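Residues per chain are reported as follows:
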Amino acid sequence: MRDLKHLIAFENLLQEANNELVRQGKADGKRALGYTCYFMPEVLLDLPGCFAVRLRAPKCTSPDMATYYMSSRTCHYGRSLFERALEGGYNFLDADFGTETCTVTCRFQEHLGYMDVIQNPDFFVTFTDVPFKRNQNSIEHYEGQLQAHVLDPLHEKFGIDISDEALMKAIDLHNEISAVINEIGDYRKLDNPTITGYEFQVIQLCSLVCPKELILPMLKETAKELKTSPFRCKVVLAGSENDDPEFTKLIEGCGAEVVCDRHCYGAVESRAPIVVKDGEKPLAAIARHYLETSNCPRFMPQDIMRERKQRLADLAKEYKADGIIVASNKFCEYWSYERTIDTIVMPRDFGYPVCSIEKEYINGASGQLRTRFQAFVESIEIKKIQEGK
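Note that the coordinates shown come from a computational prediction; the quantities given were computed from them, not determined experimentally.

Conventions adopted
Residues numbered from 1 in each chain as written. Predicted model: local features only at pLDDT ≥ 70, side-chain atom pairs only at ≥ 80, totals over all residues. Heavy atoms only, no water. Helix = DSSP H or I, 4+ residues; strand = E, 2+ residues; numbered from the N terminus. Rg over C-alpha atoms; globule rule 2.2 N^0.38 Å. Buried < 20%, exposed > 50% of the residue type's maximum accessible area, 1.4 Å probe, protein only. Salt bridge = Lys/Arg side-chain N within 4 Å of Asp/Glu carboxyl O. Core = buried A, V, L, I, M, F, W, Y, C linked by side-chain atoms within 4.5 Å. Contact = heavy atoms within 4.5 Å. Lys, Arg positive; Asp, Glu negative; His and termini not counted. Polar contact = N/O pair within 3.5 Å; in protein donor to acceptor, adjacent residues only side chain to side chain.

1. A word on the overall build of the chain
And then number 1: Broken down by element type, the chain carries 16 helices and eight strands.
And then number 2: Against the globule reference of 21 Å for 389 residues, the chain gives a C-alpha radius of gyration of 20 Å, in line with a compact fold.
And then number 3: By its C-alpha atoms, the chain is 65 × 50 × 45 Å across when sized along the principal axes.
And then number 4: Across the 389 residues of the chain, 58% fall into the buried class.

2. Quick look at the pattern of salt bridges
And then number 1: Inspection of every chain in the model, using the stated rule, returns 27 salt bridges.
And then number 2: A salt bridge links Glu 16 to Arg 23; the nearest nitrogen and oxygen atoms lie 3.5 Å apart.
And then number 3: The salt bridge involving Arg 288 is made with Glu 292; its shortest N-O contact spans 3.5 Å. In this pair, Arg 288 and Glu 292 are both assigned in helix H13 (residues 282-293), four residues apart and thus about one turn of the helix distant.
And then number 4: Residue classification places Arg 288 among the buried residues on the basis of a relative accessible area of 12%.
And then number 5: Salt bridges sharing common partners tie together Lys 26, Arg 31, Asp 94 and Asp 122.

3. Re the nonpolar core
And then number 1: Of all hydrophobic cores here, the largest spans 92 residues; its most connected members are Phe 10, Leu 44, Leu 47, Tyr 90, Phe 97, Phe 108 and Ile 215.
And then number 2: Every residue in contact with Leu 47, bar those within four places of it in the chain, is listed here: Leu 151, Leu 154, Ile 160, Asp 161, Ile 162, Ala 166, Leu 167 and Ala 170.

4. Some details on the side chain of Asp 96
And then number 1: Structurally, Asp 96 is set in strand E3 (residues 95-99).
And then number 2: The charged side chain of Asp 96 is buried without a salt bridge, its nearest counter-charge being Arg 54 at 10 Å.
And then number 3: When neighbours within four sequence positions are excluded, Asp 96 is seen to be in contact with Gly 34, Tyr 35, Leu 55, Gln 109, Leu 112, Phe 123, Phe 124, Val 125 and Thr 126.

5. Points about the side chain of His 6
And then number 1: By secondary structure assignment, the location of His 6 is in the segment before helix H1 (7-13).
And then number 2: In terms of polar contacts, His 6 uses its side chain to reach the side chain of Glu 221, at 3.0 Å.
And then number 3: What His 6 contacts, discounting residues up to four positions off in sequence, is Met 218, Glu 221, Thr 222 and Glu 225.

Here it is as structure tokens:
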């Protein structure tokens, strides 16, 4: 079985934040805009004249300098990002757009602003307040925040066109790339999926960290040449930040194909098309979309929590998964609670076995994890035998 034509190129694009396509976008005169959270709508950062880069810290194994500033009892993800910034890995950024969501990533972005870490005279940091509810008041508040802390600074500092026409162009680009990603991802719903979870995660991550116009032709070509690969079972991978394709490769090396990615860097929410209703302003549609589509555990009302469990079960059914792996980063408060609840509720109420994993941002315990995943796959196989499947 041959690899996808562009797989090596995709993998190379994930080796550093300032990758080949980012450098090309900068050379074309566009502004590179960093962000970390789904609640910072990437569609607004992809307006004409700029492009979004979701920040990662690949191969950061020891965030010693960042720990000096941020403490060892905080999320490894946030510390790794700051370590990479201190190393100069984000000096290509023209701005960073933070959200008041995950505490440690907020602290990382505050350090970027206060410490003059980014060696770019145009660089600035701004923060958007994100509501904890999804009602109309929340949507209107969120829309106002996006206007004041995203659109207005882009226009005032960089001269970016923020008109409704420009927003509609950005929405069209978002929907085009989402359609291609979803076309590729839908092959995972087949009885014999023609793309692995590792390959899909690499492709999805590239769509988050590269200029959309430059990565789109490669994505369209990839949609036409998928291959077949057998696995012992299928799983949904859910949880917090996961931008490490090697983690998915580890799972699949144990015999479980990852057919759906319901985590912070996954495609389930980030590649949902944005629908602009009749008479609705583009910015209002964007604010509504990101609040209504998010399955982040920071939404804590009981009815919303139950909706998340049902959504996870629905995804497992849609992708014909045999089980669910829920992985959270160490010290992630929101997902630590969510993971514990999923471990109880999903088997009890929906009949899906769950493998619960707490891990570091950079995977350093592959032997222990491999043992856990192999045992989980074996338990699923035993369950199938008992059920006569």
